[in-house]
Amino acid sequence: MKKNTDKEVTVLFTLLKAGLWEKEPENLSLFPLSANSWEYVYRLARQQTVTGIVYQGICKLPERLLPPESLLFRWVAEADSIERKNGRMNRTLEELYRLFRENGLNPILQKGQGIALLYENPLVRECGDIDFYFQTAQEGDCAFELIKRQGKAMRQEADGSRCYVWKGIEVEHHPRLLDIANPFVQPYLKKLEVSQGYRTACIASGHDFEIRVPSPMLNLLLLNTHIMKHSFGWGIGLRQFCDMARAYHCLSDVITGSELKTLYRKTGILRWSRLLHSFLTEHIGLDATRLPYQEKPLCVRALQEMVLQGGNFGQHLIGRSHASQPFWKRKAHTSYSFLRHARFSLTYAPKEALWTFTSLLAGQPANKKLF
């Protein structure tokens, strides 16, 4: 992070906190901004996929401190586009979920629109794809056959996920709920899945419909490990930290902090979680009293630099691999990204880091088109 961008980065976090928590900006000393500085803040927000949330923060600025009119119009248009895309996403999600239910399937919605419900205004959160988890291999195969009958082209990823596009939206079917690579904790996670179970959430898509999502404890573990996994690899953006902060804020009253701490310890992510909690309170504005348990904060500078350099899932890093590249090149780039962050990952979750990299080197098959 260059010194001449420190001001804009601070402004980004100030507006992000204001928008995420629906409150007045905590520090206006860096305003007003020049047109160039505002352009840089806008570019940062887009790279981190938090444009809508930051716009909510801008709406709380005094009129004299607003961006130039031309940029403000672009920001308004972008925020409106995010809201409309969320509406399309919700309608598509309902259509697809009803198709599964009508055919005797009962998938679990991971992250995404289920987590958006934890926001004050769910429509300002930028949506990505739809992630479904099927609890058994048999159910996953039935879902595969159902989508095949709809004439959709489906490909299989190296981790066993099956992907396709439904009305312009990327959809993934996952064979497991949680991003934990350590095989020795898998039996514990299966028992946890059974004991914690699932609940229903109401998604608004023109008219409300209910969909199954993980229980609060599973959801927190899912979000936590999702951020960790990508931090160890190509990188992670601010939107996922916003999701985690909103989840802690909304779910801390319905979980037992000591149980969650035990869960983190048994899965080998207790020290990583301490770093995550420090980042959430220092940069995302989560009230420390909403954390599941109290602990001494850690320095988050390395994590902050990683987030700012790579943006959303590291997509803005130089040398980032893309789906159009040959499989061997993408795998080499991914391996390099894990090695680049090896000291970081081995410091905060050594066992999980080792097993993640071991699975990467194990020779997973290339992505392939299934039909």
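Here, every reference points to the structure presented above.
The rules behind the values
- Residues numbered from 1 in each chain as written.
- Predicted model: local features only at pLDDT ≥ 70, side-chain atom pairs only at ≥ 80, totals over all residues.
- Heavy atoms only, no water.
- Helix = DSSP H or I, 4+ residues; strand = E, 2+ residues; numbered from the N terminus.
- Buried < 20%, exposed > 50% of the residue type's maximum accessible area, 1.4 Å probe, protein only.
- Contact = heavy atoms within 4.5 Å.
- Areas by Shrake-Rupley, 256 points an atom, 1.4 Å probe, with all protein chains shown as cover.
- Expected span 1.5 Å × (residues − 1).
- Pairing = 2+ DSSP bridges.
- Core = buried A, V, L, I, M, F, W, Y, C linked by side-chain atoms within 4.5 Å.
- Salt bridge = Lys/Arg side-chain N within 4 Å of Asp/Glu carboxyl O.
- 1 Å grid on protein atoms, 1.4 Å probe; cavity = no way out; pocket = protein on both sides within 12 Å on 5 of 7 lines; lining within 4 Å.
- Points joined across faces, edges and corners; volume = space filled by probe spheres on them.
- Nonpolar A, V, L, I, M, F, W, Y, C, P; charged D, E, K, R; others polar.

1. Describing the overall build of the protein
Scanning the protein from N- to C-terminus turns up 15 helices and eight strands. Split into buried and exposed, the 371 residues of the protein put 54% on the buried side. Counting contacts in the protein only where the partners sit at least 6 residues apart, residues at least 24 apart contribute 71% of the total. Carbon and sulfur atoms make up 52% of the accessible area of the protein, which totals about 17000 Å².

2. Here's the deal with helix α6 (residues 137-149)
In this model α6 runs 18 Å from its N-terminal to its C-terminal C-alpha over 13 residues, within 8% of the 18 Å that 1.5 Å per residue would give. Buried residues belonging to α6 abut α4 (69-102), β4 (162-166) and β5 (169-174). Looking at the residues trailing α6, positive phi occurs at Gly-151, about 80°.

3. With respect to helix α3 (residues 51-58)
For α3, a buried count of eight out of eight residues is recorded, marking the element as mostly surrounded by other parts of the structure. Residues of α3 that are buried include every one of Thr-51, Gly-52, Ile-53, Val-54, Tyr-55, Gln-56, Gly-57 and Ile-58, and no others. Packed against the buried residues of α3 are α1 (6-21), α2 (35-47), α4 and α9 (238-251).

4. Section: the pairing of β5
Most of β5 is tucked away: five of the six residues are buried. Bridge count for strand β2 (residues 130-133) against β5 is four bridges, and the pairing is parallel. For Tyr-133, the partnering residue across the bridge sits in β5 and is His-174. One ladder, built from five bridges, connects β4 with β5; its direction is antiparallel. Note that in β5 the partner of Trp-166 across the bridge is Ile-169. Where β4 hands over to β5, the hairpin turn is made up of two residues, of which Lys-167 adopts a positive phi near 50°.

5. Focus on the nonpolar core
Core analysis: the largest hydrophobic core is formed by 83 residues, its most contacted members being Trp-38, Trp-75, Phe-241, Tyr-264, Trp-272 and Ile-284. Aside from chain neighbours lying at most four places away, what touches Trp-38 is Leu-15, Phe-31, Leu-33, Ile-58, Leu-61, Leu-65, Leu-66, Pro-67, Pro-68, Leu-71 and Trp-75.

6. Remarks on the pattern of salt bridges
Enumeration over the complete set of coordinates arrives at 15 salt bridges. Note that Arg-125 and Asp-243 form a salt bridge whose closest N and O atoms lie 2.8 Å from each other. One end of the pair, Arg-125, is in the loop between α5 (112-116) and β2; the other, Asp-243, is in helix α9, and 118 residues separate them in sequence. Note on accessibility: Arg-125 and Asp-243 belong to one class, buried.

7. What to know about the pairing of strand β7 (residues 208-214)
Burial analysis of β7 places five of its seven residues in the buried class, which makes it a mostly covered element. Linking strand β6 (residues 198-204) back to β7 in an antiparallel pair, the connection comprises three residues, with Gly-206 at a positive phi of about 105°.

8. Looking at empty space enclosed by the protein
Under the definition given, this model contains two cavities of 30 Å³ or more. In this structure, the largest cavity encloses a volume near 40 Å³. Together, Gly-19, Leu-20, Glu-22, Ile-53, Gln-56, Tyr-119, Glu-120, Asn-121 and Val-124 line the largest cavity. For the lining of the largest cavity, the secondary-structure elements that each account for two or more residues are α1 and α3. Here the lining of the largest cavity is composed, by residue class, of four nonpolar, three polar and two charged.

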